[in-house]
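Here are the chains, one letter per residue:
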Amino acid sequence: MEPREAYPITYSILGLLAIWGPLSGYDIKRLFDHMLSSMWGAAQSQIYKELRRMREIGWVEMEREEQESRPDRKLYSITAEGLSALRKWQTQPPEVFQLRDEMLLKMLFGSFARSADLAQSLRASIAEHETRLLVYRQNTQAIAGAFPRGDKRYNPYSDENAEDPYFGLVTHFAVEFEKTYLRWLYEALELVESREKPAPSDMGES
């Protein structure tokens, strides 16, 4: 692997550090789970691997923070070179969006399923996406409060008095996507459930 080869997770970590750094690996994982889960997921092992690699190539730096009753905490900050890499990434065209969703595959091949089984899958998806919609609506304020600008961990690359319009735009997309998908799930469930009912001509037949 080339030493400066980078992936979306690389730039996601750089972006989080640019906004809220310095951060620990645990902090970054929490932000992935609560803020980026609608667009990109990351395992804890991936995050630490990228932090080590970016430190080696000079995109991040690490300092130890002493804690009285716990082991020292490693805090990572983006460097000027890392910020330059983040800005250069913005000049590159994004990969084409590809939606990978097992529920859509199940629906595509629905003629091979019993209506009751397909309806059960749809109800499970509805419950999952209703939960995700609620979480996306709640997490923005919760995480923003957990990592306020202007605390003791100063971010030299941002204006602490400026609001970030782009974060709100992406949050809005996540909420609207879930609302749209839920509408489709309910429409699909209505269609599938209608196929479970016997046709009028079959009613009363022995």
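All of these numbers come straight from a predicted model, not from anything done at the bench.

*Asks:* I'd like to hear about unusual backbone geometry, residue by residue, with values.
*Replies:* Cis geometry is found at the peptide bond from glycine 21 to proline 22, where omega equals -5 degrees. Its location among the elements puts proline 22 in the loop between helix H1 (8-20) and helix H2 (25-36).

*Asks:* Help me get a handle on the pattern of salt bridges, residues and values and all.
*Replies:* Evaluated as defined, the whole model comprises eight salt bridges. Here glutamate 178 ties to arginine 132 by a salt bridge, and the two come within 3.9 Å at their closest N and O atoms. Of this pair, glutamate 178 sits in helix H7 (residues 165-196) while arginine 132 is found in helix H6 (residues 115-146), placing the two residues 46 residues apart along the sequence. Owing to a relative accessible area of 27%, arginine 132 belongs among the partly exposed residues under this scheme. Between lysine 179 and glutamate 176 there is a salt bridge, with its nearest N and O atoms 3.2 Å apart. You can see lysine 179 and its partner glutamate 176 sitting in helix H7, three residues apart, about one turn around the helix. The partly exposed category is assigned to lysine 179, whose relative accessible area is 28%. Connected through shared salt-bridge partners, Asp27, Glu65 and Arg73 make up one network.

*Asks:* Lay out the packing of H1 against helix H4 (residues 80-89) with the relevant residues and their values.
*Replies:* Remark: H1 packs on H4, axes separated minimally by 10 Å, with the N-to-C direction vectors making an angle of 120 degrees. Overall, the two elements H1 and H4 adopt an arrangement that is oblique. The hand of the H1/H4 crossing is left-handed. Here Tyr11, Leu14, Gly15 and Ala18 of H1 come into contact with H4, specifically with Gly82, Leu83, Ala85, Leu86 and Trp89. Looking at the contact of H1 with H4 residue by residue, the class counts come to seven nonpolar, two polar and no charged.

*Asks:* Account for a nonpolar patch on the surface, naming residues and giving values.
*Replies:* A surface patch of nonpolar side chains, amounting to about 510 Å² of accessible area, comprises Phe97, Leu99, Leu104, Phe173 and Phe177. Inspection of the secondary structure puts phenylalanine 173 in helix H7. Among the residues examined, phenylalanine 173 registers a relative accessible area of 52% and is labelled exposed.

*Asks:* Go over the packing of H2 against helix H3 (residues 44-56), please, and point to the residues and values.
*Replies:* Direction vectors running N to C along H2 and H3 enclose 125 degrees, while the axes themselves pass 10 Å from each other. Here H3 runs oblique to H2, going by the angle between their axes. H3 is crossed by H2, and the crossing has right-handed handedness. Packed against H2, whose contacting residues are Gly25, Tyr26, Ile28, Lys29 and Phe32, the element H3 presents Gln44, Ile47, Tyr48 and Leu51 at the interface. Its residues assigned to classes, the contact of H2 with H3 shows six nonpolar, two polar and one charged.

*Asks:* An account of H1 is requested, with residue identities and associated values reported.
*Replies:* When the terminal C-alpha atoms of H1 are compared, their 18 Å separation across 13 residues agrees well with the 18 Å that a helix rising 1.5 Å per residue should span. Buried within H1 are the following residues: Ile9, Thr10, Tyr11, Ser12, Ile13, Leu14, Gly15, Leu16, Leu17, Ala18 and Trp20. Lining the buried residues of H1 we find H2, H3, strand S1 (60-65), strand S2 (73-78), H4 and H7.

*Asks:* Give a description of the side chain of arginine 53 that names residues and reports values.
*Replies:* On the secondary structure map, arginine 53 appears in helix H3. The exposure class of arginine 53 is buried, given its relative accessible area of 9%. In this structure the side chain of arginine 53 is engaged in a polar contact, spanning 2.9 Å, whose partner is the side chain of glutamate 50.

*Asks:* Residues and numbers for the nonpolar core, please.
*Replies:* Nonpolar side chains tend toward joint burial in soluble globular proteins. Counting residues in hydrophobic clusters, the biggest one holds 27 residues, and the most contacted among them are Ile13, Leu14, Leu16, Leu17, Ile28, Phe32 and Leu51. Contributions of two or more residues to this core are made by H1, H2, H3, S1, S2 and H4. In terms of residue count, the dominant contributor to this core is H1 (eight residues). Setting aside residues up to four positions removed in sequence, leucine 16 forms contacts with Gly21, Leu23, Ile28, Leu31, Phe32, Met35 and Leu36.

Criteria and thresholds
Residues numbered from 1 in each chain as written. Predicted model: local features only at pLDDT ≥ 70, side-chain atom pairs only at ≥ 80, totals over all residues. Heavy atoms only, no water. Helix = DSSP H or I, 4+ residues; strand = E, 2+ residues; numbered from the N terminus. Salt bridge = Lys/Arg side-chain N within 4 Å of Asp/Glu carboxyl O. Buried < 20%, exposed > 50% of the residue type's maximum accessible area, 1.4 Å probe, protein only. Axes fitted to C-alpha atoms, helices over the stretch in contact; angles between N-to-C directions. Parallel < 35°, antiparallel > 145°, perpendicular 65-115°, else oblique. Left-handed = near helix turned anticlockwise from the far one by under 90°. Contact = heavy atoms within 4.5 Å. Nonpolar A, V, L, I, M, F, W, Y, C, P; charged D, E, K, R; others polar. Patch = residues over 30% accessible without salt bridge, like charges linked within 9 Å, V, L, I, M, F, W, Y side chains within 5 Å. Areas by Shrake-Rupley, 256 points an atom, 1.4 Å probe, with all protein chains shown as cover. Expected span 1.5 Å × (residues − 1). Polar contact = N/O pair within 3.5 Å; in protein donor to acceptor, adjacent residues only side chain to side chain. Core = buried A, V, L, I, M, F, W, Y, C linked by side-chain atoms within 4.5 Å.

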